[in-house]
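# Structure at a glance
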Amino acid sequence: MNILIINCGSSSLKYQLIDSKTEQVLAKGICERIGIPESKIAHQSMGKEKITEQIDMPTHTKAVALLLEKLMDPTYGIIQSLDEIGAVGHRIVHGGEKFSQATLLTDEVMDAIEECNELAPLHNPANLIGINSCKEIMPNVPMVGVFDTAFHQTMPKKAYLYGIPYEYYEKYKVRRYGFHGTSHDYVSQRTAEILGKKREDMKIIVCHLGNGASVTAVKNGISVDTSMGMTPLEGLIMGTRSGDIDPAIIQFVGDKENLSLLEMNEILNKQSGVYGMSKLSSDFRDIEDGVAAGNELAITALETFSYRVAKYVGAYAAAMNGVDAVVFTAGVGENTEDVRVQVVEYLGYLGAYLDKEKNHVRGIETIISTDDSKVKVMIVPTNEELAIAREVVKLIQK
Ligand code: AMP
């Protein structure tokens, strides 16, 4: 069965068509600047030329129609008709406490997702628009929602509650939810498979280090703690997000700089992280170049980023009373050698030692710890689209 995976943002829409049997990506692409002048689509089908076209996409529905057109294009496409799409899997950022697994997107479910909108105002409404657009054009194709928060719904109360008045949890569901769940689930499962063990018998710490970054403690196959919170702002220092800070900073800096809460929130989400710290870039390739050129702020940003990751790994080793494998994934985790070196340098007390030669790789599934390392250190590239496709198939087959 071919599964269409849709990851819909407010002005962009990424898609992949995956053959669930072979798990091959048959086609993929991105629609950008939806609803903005000069929108464009980039599309590539397996074994065919990549095309980029500037086409007006005033709405997401137009974008969905266009991507389907490209999938069925006699020259650049890969399928002949819509009948060849068995189901659509939608990535949904926030499922609140309502969704702990992939779910068929009925009208009731759509209403329930809408109720989660205020927990993820930048993401969920866009996800819903994507779903509605697909439903409009493919009314008879099953639509499945896969939630970034779902995998973390197994966290115990002591891990998800904040130290604030309990009534805010009762009234507004203010609690930690965690994100990147599809990735943490997929990577921890792959880790166990690579090591020839059952995930249910393991303690795994997954470091998903991308533009957004989070660490998760996976004990006996379930998430028991994760570094992101009610929103993706908590936890690690990220590309542009601050991660953990003293909450009092918000009022202090807001008063000094005459900034509103909304503006402070924007600064913590979009102008902080390694971008704000380095005054250089949110892209770790630029930070690496800065480090190589001796840029002091870039050096400090990278060291602070890695130090924070190492502290979370330590915390989660404590939370699980041990760890069998520490795994790096996502853009930075898979590619930035220096970050892995800097993080693992702090983990000697756990018996985790890096083999510098083995670490000299990018983006492949591999063990990078020394042979005598008690804890395995690994790189396992994430594949959120494939993980979503698998969830969709599992649900459809049920
Ligand atoms: P993600 O959010 O997983 O797509 O990761 C994006 C981040 O990964 C960006 O900060 C990139 O700088 C970083 N990244 C992606 N590819 C590479 C690469 N080849 N080398 C170093 N960093 C990379």
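Up top is the structure these notes are about.
Heads up: these notes are all about the structure in this document.

What counts, and where the lines are drawn
The residue count restarts for each chain, going from 1 along the sequence in the order it is written. Only residues with pLDDT of at least 70 get local features here, since the model is predicted, and only at 80 or more are side-chain atom pairs given and counted; chain-wide, interface and lining totals rely on the full set of residues. To get the side-chain values, all heavy atoms of the structure are used, and hydrogens and water are removed first. Whether a residue is near a molecule or strand is decided by its heavy atoms; if any one of them lies within 4 Å of it, the residue is near. Each polar contact in these results corresponds to two N or O atoms within 3.5 Å; when the atoms are within protein, one needs to be able to donate a hydrogen and the other to accept it, and residues that are neighboring in sequence are counted only if both atoms are side-chain atoms. Counting from the N terminus, the helices are the DSSP runs of H or I reaching at least four residues and the strands are the DSSP runs of E reaching at least two. All amino acids are sorted into three groups, where Ala, Val, Leu, Ile, Met, Phe, Trp, Tyr, Cys and Pro are nonpolar, Asp, Glu, Lys and Arg are charged, and the leftover types, Gly among them, are polar. Grouping buried Ala, Val, Leu, Ile, Met, Phe, Trp, Tyr and Cys residues that are joined through side-chain atoms within 4.5 Å yields what is termed a nonpolar core. Categorising residues by exposure relies on relative accessible area from a 1.4 Å probe, with only protein chains included: less than 20% of the type maximum marks a residue as buried, more than 50% marks it as exposed, and the intermediate range marks it as partly exposed. Residue contacts follow a heavy-atom distance rule, with two residues in contact if any of their heavy atoms lie within 4.5 Å. Think of it this way: DSSP has to see at least two bridges between two strands before they count as a pair. For every element, the axis is a line fit to its C-alpha atoms; helices are fit only across the contacting stretch, and the angle between N-to-C directions ranges from 0 to 180 degrees.

### With respect to the site of the ligand
- Lining the immediate environment of the ligand, one finds 13 residues, of which Asn211, Asp283, Phe284, Gly331 and Arg362 sit closest.
- One of the side-chain nitrogen or oxygen atoms of Asn335 is found 3.4 Å away from a nitrogen atom of the ligand.
- Counting residues per element, the ones that place at least two in the shell around the ligand are α10 (284–292) and α12 (330–335).
- Among the residues forming the shell around the ligand, the class breakdown is three nonpolar, six polar and four charged.

### Thoughts on the nonpolar core
- Counting residues in hydrophobic clusters, the biggest one holds 44 residues, and the most contacted among them are Ile205, Cys207, Leu209 and Phe305.
- Counting only elements with at least two residues in this core, the list comes to β9 (203–209), β10 (213–219), α10, α11 (296–319), β12 (325–329), α13 (337–344) and β14 (376–379).
- Take this core: its biggest share by element is ten residues, from α11.
- Non-local contacts of Leu209, meaning those with residues more than four positions away in its chain, are made with Leu236, Phe305, Val309, Phe328, Thr329, Ala330, Gly331, Val332, Gly333 and Val339.
- Grouped together as the second largest cluster of nonpolar side chains are 36 residues, Leu26, Ala63, Phe99 and Ala150 included.

### What to know about the pairing of β12
- Counting buried positions along β12 gives five out of five residues, so the element sits mostly inside the fold.
- A two-sided burial pattern is seen for β12, the buried positions comprising Ala325, Val327 and Thr329 on one face and Val326 and Phe328 on the other.
- Across five bridges, the pairing between β9 and β12 is parallel. Bridging across to β12, Ile205 finds its partner in Val326.
- In this structure, β12 lies alongside β14, joined through four bridges in parallel fashion. Within β14, the position partnered with Val327 by the bridge is Met378.

### What about unusual backbone geometry?
- You will see that Lys173, though not glycine, has its phi angle at about 60 degrees, which is positive.
- Its place among the elements puts Lys173 in the loop between α5 (166–172) and α6 (181–194).
- Even without being glycine, Ala330 reaches a positive phi, approximately 75 degrees.
- Among the secondary structure elements, Ala330 is positioned in helix α12.
- A relative accessible area of 6% places Ala330 in the buried class.

### Quick notes on the sheet that holds strand β13 (residues 366–367)
- With mixed pairing, six strands are arranged side by side in an open sheet as β11-β10-β9-β12-β14-β13. Strands with a single pairing partner mark the edges of an open sheet, and in this sheet they are β11 (222–226) and β13.
- Strands in contact with α11 are β9, β10, β11 and β12; relative to β9, the strand with the most contacts, it is inclined by about 160 degrees.
- Packed onto the sheet, α13 meets β9, β12 and β14 and runs at close to 155 degrees relative to β12.

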